[in-house]
Amino acid sequence: MTYLSLSGHTAGRELNRVRATAPLVHCLTNSVVTNFTANVLLAFGAAPAMVVAREEVADFAAIAGALSVNVGTLTAPQAEAIRLAVASANQAGTPWVLDPVAAGPLAFRTDFCRELLDARPTAIRGNASEVRALAGLASAGRGVDSQDSSEAAVDAARALAERCGAVVAVTGAVDYVTDGERVLAIAAGDPLLTRVTGTGCSLSALVAAFLVGASDRLIAVASACATMAVAGGLAADHAPMPGRFAVALLDQLSLIDSAALEGALS
Amino acid sequence: MTYLSLSGHTAGRELNRVRATAPLVHCLTNSVVTNFTANVLLAFGAAPAMVVAREEVADFAAIAGALSVNVGTLTAPQAEAIRLAVASANQAGTPWVLDPVAAGPLAFRTDFCRELLDARPTAIRGNASEVRALAGLASAGRGVDSQDSSEAAVDAARALAERCGAVVAVTGAVDYVTDGERVLAIAAGDPLLTRVTGTGCSLSALVAAFLVGASDRLIAVASACATMAVAGGLAADHAPMPGRFAVALLDQLSLIDSAALEGALS
Amino acid sequence: MTYLSLSGHTAGRELNRVRATAPLVHCLTNSVVTNFTANVLLAFGAAPAMVVAREEVADFAAIAGALSVNVGTLTAPQAEAIRLAVASANQAGTPWVLDPVAAGPLAFRTDFCRELLDARPTAIRGNASEVRALAGLASAGRGVDSQDSSEAAVDAARALAERCGAVVAVTGAVDYVTDGERVLAIAAGDPLLTRVTGTGCSLSALVAAFLVGASDRLIAVASACATMAVAGGLAADHAPMPGRFAVALLDQLSLIDSAALEGALS
């Protein structure tokens, strides 16, 4: 298969579009990454809001620009809140993202993610094991870390995109983003992104931010992935160890601009 | 209206008083900021404790020096725990702080905050939109970030303070703190405080720490606000980007002393 | 009583053993430290997974290399999940660690910790107040911070180890680790470890990682304690303030090797 490349020019145009509007992203995410996810969105220039109670998620999902759903520490009460938020988002035409953390080995969350596919997420972002699991293929995942290379999940991603109408991003050493027809590849990033918890989860929230007002959803999702990957590469240049890297990643997300994306992706 | 200024000398005296006793602050806060709030209190020299279960909040609120309540990710079980903790704090004479995160657009938390006003919080700390909402005025808030300037909420803060007997702090580019009669203004801080999640929420916990053993509650609350604002300004001088700023803020909260407050607020 | 010393050579051999296998640690921990605990494990080179729902904890505890249980923000639903995870770990022969945060002054968690002792944890890691409370002795704790010196709990730790068959680590200015017969002392660390939330809690998760595949559990637990203490000392050398210290601690946990342990503990 040949992959299209996301141009730095296009990604930079998307970055400018998103930052100009500071979209409000409603996050229903896991308990490990709430703080980091909020800080990623704030550093980039978006506005996070973690409204979680079943009594108010539906109201808020209709107010927010986008919704980001992550099942990393799914519980039954959270599943109920997610169902309400997703229904409200769909009714309001609000784009929403599914991050199927550790789908595959655990039946409770995997069944729930499959149920959410029927609600037609606007985008799905996961690692190769998770995307393969959602597509119904065997996977080597043992939890949050993927044991498969991202390329091994491109076919699964395309099938998943076709089946549920979502843009699907498989992130890894190379990110692949597909709408079922086109496949964009983004070769950027740094292995340190896997040594800090929440870089993938917060990317899913950033994907949600990029979907607000997007005219081409494939381009929007890929540009969010490129923004995180390029910021990660720049952060690793400045800070080659995990503690400082996490700090530098936030700094780079605040600094990154269209010129940086053009330089890195050209 | 003319505002009184909080003198650096007074704020410094309060800072020394609080740090000398390392007060134990019981925090019932939102899931996004628990870690940062604990680290803010520890860095400054207070002792945080996040005891959350309805089975033990009442016992702990009576042991702690102060209680800090934050509704940022309110759920029904948490509301039940907060009710028990507040009742126990009131019975024990323990001061407590209400942080009405995103009150206004969301009925569930707004109704709960109004219920808590009847329990007479010792202090309330919020942004302009939240304070206006609690006082029953229209507001431009869309969630956690205020769309109103803090000065636009001074009248609401005074009305709220008079009605429920609390010291009310409206924080923003300038902080205003009132007991319904006097209004103290603190012009310090840095816009980077809005680019890191939890700076306001952790300030509310710091306000709780300053209320332990305070002889003048207006002065205590204003001094806590000044401590965070001045530390934020110093942190921004050292670290002008959000990732490093959050780290530097903790460092500055550990370093800040009465001399720094006298220098910044004179 | 005379204490044996843990040699740097032995600790270094353990460190290399653990890092070579990147063990998967299932954490059921408190809401304040989930992010930091995950980052500590990732920085060192282990793999964290916070699976929390009663619907999947049993399955995951059987997949994971070890389980770490922490009662810092215990609730009734979490207690139920912990019971299921512990039963599954015991059935699968998976080692598990109990961190009895603030046991003593609060009946709900203290009773639950005592119930867990009957399930025979592989190791227990706490401060002096917590270990004394579990052993049934009076303690001066007022919550998460110990008011007792670690040496004052060595007898309690030995009695607890004998009674429930666990390796017990009492950490403080000096760490003491005992299996009821031998007592190993580790004099390393830095007071800054008490100015950042979660250093003890994440050490418990690191203890769990070191127990995976251990041939001598006393040595494994002591080596985990030594790794955190020595990394803490190195971090304090680089970063003498709490914000930067927390970042440097993660960096040092990624850098620390057998040579560093031999140098620090010889």
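Residues numbered from 1 in each chain as written. Chains lettered and ligands numbered in written order. Predicted model: local features only at pLDDT ≥ 70, side-chain atom pairs only at ≥ 80, totals over all residues. Heavy atoms only, no water.

Novice: An account of the overall build of chain A is needed here, citing residue identities and associated values.
Specialist: Looking only at helices and strands, chain A has 11 helices and nine strands in total. Computed over the C-alpha atoms, the radius of gyration of chain A is 16 Å, within 12% of the 18 Å expected from 2.2 N^0.38 for a compact globule of 266 residues. Residues classed as buried in chain A amount to 64% of the 266 residues present. At a minimum sequence separation of 6, the contacts of chain A that also span at least 24 residues come to 71%. Looking at chain A as shown, the accessible area adds up to about 8600 Å², and 51% of this sits on carbon and sulfur atoms. Distance from the positive charge centre (17 side chains) to the negative charge centre (24 side chains) of chain A: 2 Å. (Helix = DSSP H or I, 4+ residues; strand = E, 2+ residues; numbered from the N terminus. Rg over C-alpha atoms; globule rule 2.2 N^0.38 Å. Buried < 20%, exposed > 50% of the residue type's maximum accessible area, 1.4 Å probe, protein only. Contact = heavy atoms within 4.5 Å. Areas by Shrake-Rupley, 256 points an atom, 1.4 Å probe, with all protein chains shown as cover. Lys, Arg positive; Asp, Glu negative; His and termini not counted. Charge placed at Lys NZ, Arg CZ, Asp CG, Glu CD.)

Novice: Now, about the packing of aromatic side chains: what can you tell me, with residues and values included?
Specialist: Residues and elements named next belong to chain A. Tallying each qualifying case throughout the model produces six aromatic pairs over all chains. On the numbers, 5.6 Å between centres and 35° between planes, the contact of F44 with F210 is tilted. With F44 in helix 2 (residues 34-44) and F210 in helix 8 (residues 199-211), this residue pair connects regions lying 166 residues apart in the sequence. Here F210 falls in the buried class, since its relative accessible area comes to 0%. (Phe/Tyr/Trp six-rings, centres within 6.5 Å; stacked < 30°, edge-to-face > 60°.)

Novice: Explain the relation of the copies chain A and chain B residue by residue, including any values.
Specialist: Mapping chain A onto chain B calls for a rotation angle of 120° and an axial translation of 0.0 Å; the resulting RMSD is 0.0 Å. Both copies of the chain, as the preceding transformation shows, are related through a three-fold rotation axis. Among all C-alpha atoms of chain A, that of S31(A) lies closest to the rotation axis, at 4.1 Å. A different interface surface on each copy is seen, since only 4% of the contact residues of chain A are contact residues in chain B too. (Least-squares fit on C-alpha atoms with pLDDT ≥ 70 in both.)

Novice: Break down the UniProt feature "binding site: ATP" (unreviewed entry) in chain A for me, citing the residues and quoting the values.
Specialist: Residues and elements named next belong to chain A. Look at the UniProt record and you will see "binding site: ATP" (unreviewed entry) annotated at R125 and T171. Maximum C-alpha separation among the annotated residues is 7.3 Å over a sequence range of 47 residues, consistent with a single clustered spot. Inspection of the secondary structure puts R125 in strand 6 (residues 123-126). Not counting the four nearest positions on each side in its chain, R125 is found in contact with L98, D99, P100, A169, T171, G200, C201, L203 and S204. Note on placement: T171 falls in the loop between strand 7 (167-170) and strand 8 (175-178). (UniProt positions renumbered as here; feature names shortened; annotations may be inferred.)

Novice: Can you lay out helix 10 (residues 242-255) of chain B for me, pointing to particular residues and giving the numbers?
Specialist: Residues and elements named next belong to chain B. With 14 residues, helix 10 should cover 20 Å at 1.5 Å per step; its first-to-last C-alpha distance of 19 Å lies within 8% of that length. Counting buried residues in helix 10 gives 12 out of 14 residues, a clear majority hidden from the surface. Of the positions making up helix 10, those classed as buried are P242, G243, F245, A246, V247, A248, L249, L250, D251, Q252, L253 and S254. (Expected span 1.5 Å × (residues − 1).)

Novice: Before we move on, can you summarise the sheet that holds strand 8 (residues 175-178) of chain C with the specific residues and values?
Specialist: Residue and element names in this part refer to chain C. Here nine strands make up an open sheet; going across it, the order is 1-9-8-7-6-5-4-2-3 and the pairing mixed. The open sheet has two edge strands with one neighbour each: strand 1 (4-5) and strand 3 (47-49). Bridging between strand 6 (residues 123-126) and strand 7 (residues 167-170) involves four bridges; their strand directions are parallel. Looking at the pairing, G126 lines up with V170 of strand 7. (Pairing = 2+ DSSP bridges.)

Novice: Lay out the pattern of salt bridges in plain terms, naming residues and giving numbers.
Specialist: Residues and elements named next belong to chain A. Tallied over the full model, the rule gives 30 salt bridges over all chains. For D99, the salt bridge identified is with R125, shortest N-O distance 3.0 Å. Here D99, found in strand 5 (residues 96-99), pairs with R125, found in strand 6; they are 26 residues apart in sequence, far enough to count as distant. On the basis of relative accessible area, D99 is assigned to the buried category, the value being 0%. (Salt bridge = Lys/Arg side-chain N within 4 Å of Asp/Glu carboxyl O.)

Novice: Tell me what's going on with the interface of chain A and chain B, and back it up with residues and numbers.
Specialist: Facing 26 residues of chain A, the contacting portion of chain B comprises 25 residues. Counting the surface lost from both chain A and chain B, the interface buries some 2000 Å², and carbon and sulfur atoms represent 61% of this. Contact with chain B buries area across many residues of chain A, yet L42(A), E56(A) and D251(A) alone supply 24% of it, more than any other trio. At the surface where chain A touches chain B, the tally comes to two salt bridges. Scanning the region where chain A abuts chain B turns up eight residue pairs in polar contact (both at pLDDT 80 or more). Residue assignment for the side of chain A that touches chain B shows that the elements contributing at least two residues are helix 2, strand 3 (47-49), helix 3 (57-63) and helix 10 (242-255) of chain A. No other element matches the seven residues that helix 2 of chain A contributes to the side of chain A that touches chain B. (Buried area = accessible area lost by both parts, 1.4 Å probe. Polar contact = N/O pair within 3.5 Å; in protein donor to acceptor, adjacent residues only side chain to side chain.)

Novice: Talk me through the interface of chain C and chain A; I want residue IDs and the actual numbers.
Specialist: Facing the 26 residues of chain C at the interface are 24 residues of chain A. Both faces considered, chain C and chain A share a buried interface measuring about 2000 Å² in area, 61% of it formed by carbon and sulfur atoms. If you sort the residues of chain C by the area they bury against chain A, L42(C), E56(C) and D251(C) come out on top, with a joint share of 25%. At the boundary of chain C and chain A, one finds two salt bridges. Of the charged contacts, one joins E56(C) and R109(A) as a salt bridge, the two residues approaching to 2.5 Å between their closest N and O atoms.

Novice: Would you mind going over the packing of helix 2 (residues 34-44) of chain C against helix 10 (residues 242-255) of chain C in detail, with residue names and values included?
Specialist: All names here are of chain C. Viewed as axis vectors pointing N to C, helix 2 and helix 10 meet at an angle of 35°, and their least axial separation amounts to 7 Å. The element helix 2 and its partner helix 10 pack so that their crossing is right-handed. The residues of helix 10 that touch helix 2, namely those facing F36, N39, V40, A43 and F44, are A246, L249, L250, L253 and S254. (Axes fitted to C-alpha atoms, helices over the stretch in contact; angles between N-to-C directions. Left-handed = near helix turned anticlockwise from the far one by under 90°.)

Novice: Can you tell me about the relation of the copies chain C and chain A, naming the residues and giving the values?
Specialist: Mapping chain C onto chain A leaves a residual RMSD of 0.0 Å; the transformation is a rotation of 120° accompanied by 0.0 Å of translation along its axis. Comparing interface residues between copies, only 4% of those in chain C also lie at the interface in chain A; the contact surfaces differ.

Novice: Mind laying out the sheet that holds strand 7 of chain A, listing which residues take part and the relevant values?
Specialist: All names here are of chain A. A sheet is described by the order of its strands in space; here nine strands give the open sequence 1-9-8-7-6-5-4-2-3, paired in mixed fashion. Each end of this open sheet is capped by a strand with a single partner; those strands are strand 1 (4-5) and strand 3. In this structure, strand 8 lies alongside strand 9 (residues 183-186), joined through four bridges in antiparallel fashion. The residue bridging V177 from the neighbouring strand is L184, located in strand 9. Contacting strand 4 (66-70), strand 5 and strand 6, helix 5 (residues 107-118) crosses the sheet at an angle of about 155° to strand 5.

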